[in-house]
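One-letter residues, chain by chain:
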Amino acid sequence: MGFLRAGLFAGFVSALLAASCGGTQDVFIAEGGTPDASIEAGDSGTCRPEACPGTDTECSTRTCKANACATTSAAAGTAVKAQKAGDCKQDQCDGAGAVTSVADDTDKPDDGNPCTVDGCKAGAVTADPAPKGTKCGTSLLCDGAGSCVGCTAPSECPGTDTECQTRTCVANKCGFSNAASGTVVSAQVPGDCMKSQCDGAGKVQAVVDNTDVPNDSKQCTSDLCTAGTPSNPPLASGTVCTQGGGSVCNGAGTCVQCVTAATCPGTDTACRTRTCNANLCGFSFGAAGTKTAAQTAGDCQVNQCDGAGNIVSAADNTDVPVDANQCTGDVCAAGVPSNPPTVSGSACNQNGGTLCNGAGTCVQCITAATCPGTDTACRTRTCNANTCGFSFAGAGTVTPTQTAGDCKENQCDGAGNIVGAAANSDVPLDGNQCTDDVCTKGVASNPPTASGTVCSQGGGSVCNGAGTCVQCITAATCPGADTECQTRTCTGNICGFAFAPSGTAVAAQTAGDCKSDVCNGAGAITTVNANGDVPVDGNQCTDDLCAAGVPSNPPKAAGATCNQNGGVTCDGAGACVP
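What you see is a predicted model; the values in this text were computed from it and never measured.

Each value, and the rule that gives it
- Residues numbered from 1 in each chain as written.
- Predicted model: local features only at pLDDT ≥ 70, side-chain atom pairs only at ≥ 80, totals over all residues.
- Heavy atoms only, no water.
- Helix = DSSP H or I, 4+ residues; strand = E, 2+ residues; numbered from the N terminus.
- Rg over C-alpha atoms; globule rule 2.2 N^0.38 Å.
- Buried < 20%, exposed > 50% of the residue type's maximum accessible area, 1.4 Å probe, protein only.
- Contact = heavy atoms within 4.5 Å.
- pLDDT = per-residue confidence, 0-100.
- Pairing = 2+ DSSP bridges.
- Salt bridge = Lys/Arg side-chain N within 4 Å of Asp/Glu carboxyl O.
- Disulfide = S-S within 2.5 Å.
- Polar contact = N/O pair within 3.5 Å; in protein donor to acceptor, adjacent residues only side chain to side chain.
- Phe/Tyr/Trp six-rings, centres within 6.5 Å; stacked < 30°, edge-to-face > 60°.
- Lys NZ or Arg CZ within 6 Å of the ring centre and 35° of its normal.

With that out of the way, let us pick up the overall build of the chain. Scanning the chain from N- to C-terminus turns up two helices and 41 strands. Over its C-alpha atoms the chain spans a radius of gyration of 59 Å, topping by over 25% the 25 Å that the globule rule assigns to 578 residues. Principal-axis analysis of the C-alpha atoms gives the chain an extent of 175 × 95 × 80 Å. When each of the 578 residues of the chain is scored for burial, the buried share is 26%. Pairs at least 24 residues apart make up 16% of the contacts formed inside the chain by residues separated by at least 6 positions.

This is the structure we're talking about:
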């Protein structure tokens, strides 16, 4: 067996080493020239993994390759069995046989506090406060800061709010706040001469209220409170009312038709007057044939009483119908009115006329000048056979009156009318620098000019493409310049500035002046103390200091170590001396 090992060592050692160098496994060579200790242990001289040196783990196991000991590593990321729960980590193989720890945000912890939300973030344990109002125990709630308290708002406290007592939550403890004594509550009993109000201790009490009168809905009684006692005594006789068909109170609390005839409903007429008997209204009638005061003029009739209270009409030929027409007569015949025409040619001055036409009409003219209306550029009045008419100008005749900028030309149509014909040279000038003035086949329009066109109206400088001269379209068109502390903006076509936050450091700084130039939040640069900006003078025997923004280089104490200018120690005056 020893001879075999010696031969194998000479013949195979180089091959075994070559195999181990070209693969992913390690070959272990035993001392004394034996390729692997497992060969000695085996009767047949073959490698056995369990006889190889080392110990198997979850990430590395012993194996044999080319009859030599080697190891096999588990794939990188393979989780091992033993883990620490809730540490936001996972122990896993690194692919080279070792165990490494990586972030695992699913391995959430539990700190036992119901008012925190336990979690992981990039492998780190987190414990954020639970939302305010989260239940955390019997009648307890989270305060939003990680603590379990009695309340965070009055609505979380037991009980019910009333008008006299409301729940409170002060320092996370429930309590009550009582309304001031005398505070009136909403629930009241109308008409009981009492008022429900708070007693200052959270309860409701009843007190006398003589303004809370008992309304019995009767117009003939009073609604009274006397020292908290309600009553409804009757009103005086003759008081006006409108209940039960009545109009006046009878002094006993009842609304009746009348106390006197003057209190009865209705009105007296020339043929009928009101009466009041036993609180009941009636009428007294005028004698038949009695002429009334009210008459209709010009109806050839007379109004008179019929003896039964009614007014009737009878013929009266003296009551002629005056129709105010100068070209008709005013006549009554057997009570029938009429207005026959006067003689043709009678003078008149009604309805724009001057002469009657014999048919009851005052005609327009004898000459054209007496005709109604006015002459125009396209028509002139005429009078033919006492009838007004017109003479029309020829079609196409241009009128002297024109409307500038309507893309039209006023001209006659041959029928007396003024019409508009297309005139594309008559452009509509709207005075807007951001619109064009255009006529298209007689149609006026003012379309917007292109966006970005220069203008100078309404405080603007550039057209927005919608016909308005605005301050800007983009921030670059706004006046001014951008700086580190302010940049131009254009919002809703209005120029403005966006300011860097207060305290923003600008690029240009003076090193070592114990100061910092920063933005002031309003677009300007201001200087503030910066005690970290020390004045470095390069001298090992002085200190570099800032105090309240003031730089200084005081000397170090004598004896301090230095290595400048051939010296080795500070002299206390800022020099490095031998």
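Interpreting fine coordinate detail is not advised for predicted regions of low pLDDT. Across the chain, pLDDT averages 87, with 92% of residues at or above 70. For residues 1-43, every residue scores under 50 in pLDDT, and the model assigns this stretch 58 contacts once sequence neighbours within four places are set aside.

Taken in spatial order, the three strands make up an open sheet running β7-β8-β9, and their pairing is antiparallel. Both edges of this open sheet fall to β7 (135-137) and β9 (148-149), since each of them pairs with a single strand only. In this structure, strand β8 (residues 140-142) lies alongside β9, joined through two bridges in antiparallel fashion. Pairing of Cys142 across the sheet is with Cys148, part of β9.

Applying the stated criterion to the full structure yields six salt bridges. Of the charged contacts in the structure, one is a salt bridge between Arg48 and Glu50, with a shortest N-O distance of 3.2 Å. Arg48 sits in the partly exposed class, given a relative accessible area of 29%. The class of Glu50 is exposed, set by a relative accessible area of 53%. In this structure, the salt-bridge partner of Arg381 is Asp375, at a minimum N-O distance of 3.2 Å. Residue classification places Arg381 among the partly exposed positions, given a relative accessible area of 21%. In this structure Asp375 comes out as partly exposed when scored by relative accessible area, which is 41%.

Moving on: the state of the cysteines. What is meant by a disulfide is a covalent connection between two cysteines, made through their sulfur atoms. This structure, assessed with the given rule, holds 30 disulfides. In this model Cys220 forms its disulfide with Cys249; the gap between the sulfur atoms is 2.0 Å. Every disulfide takes its handedness from the sign of the S-S torsion; for Cys220 and Cys249 that torsion is -90°, giving left-handed. Taken together, the positions of Cys220 in the loop between β13 (204-208) and β14 (224-226) and Cys249 in strand β16 (residues 248-249) put the pair 29 residues apart, joining distant regions of the chain. Like Cys220, the residue Cys249 is buried in the burial classification. With a sulfur-sulfur separation of 2.1 Å, Cys472 is cross-linked through a disulfide to Cys490. Handedness here is read from the sign of the S-S torsion; for Cys472 and Cys490, about 95°, the answer is right-handed. Placement of the pair is Cys472 in the loop between β33 (469-470) and β34 (486-491) and Cys490 in strand β34, with a sequence separation of 18 residues.

Further remarks concern unusual backbone geometry. Even without glycine at this site, Ser217 takes up a positive phi of about 65°. Relative to the helices and strands, Ser217 resides in the loop between β13 and β14. Classification of Ser217 as exposed rests on a relative accessible area of 52%. Although it is not a glycine, Ala548 adopts a positive phi angle of roughly 55°. Relative to the helices and strands, Ala548 resides in the loop between β38 (545-547) and β39 (550-552).

Along the chain, Thr290 falls in the loop between β19 (280-285) and β20 (301-305). On the basis of relative accessible area, Thr290 is assigned to the partly exposed category, the value being 35%. Linking Thr290 and Lys121, residues 169 residues apart in sequence, is a C-alpha distance of 113 Å. If near-sequence neighbours (up to four positions away) are discounted, Thr290 is found in contact with Asn303, Gln304 and Cys305.

A word on the side chain of Gln564. Of note, Gln564 is situated in the loop between β39 and β40 (569-570). Of the polar contacts made by the side chain of Gln564, one reaches the backbone nitrogen of Gln540; its length is 2.8 Å. Each residue touching Gln564, except ones within four places of it in the same chain, is listed here: Gly538, Asn539, Gln540 and Cys576.

A few words on the packing of aromatic side chains. Enumeration according to the criterion identifies one aromatic pair in this entry. Relative to Phe499, the ring of Phe497 lies with its centre 6.4 Å away and its plane at 10°, an arrangement referred to as stacked. Residue classification places Phe497 among the partly exposed positions, given a relative accessible area of 38%. Assessed through its relative accessible area of 40%, Phe499 is described here as partly exposed. Positioned over the ring face of Phe283 is Arg272, at 4.2 Å from the centre of the ring. The lysine or arginine in question, Arg379, covers the ring of Phe390, its NZ or CZ lying 4.2 Å from the ring centre.

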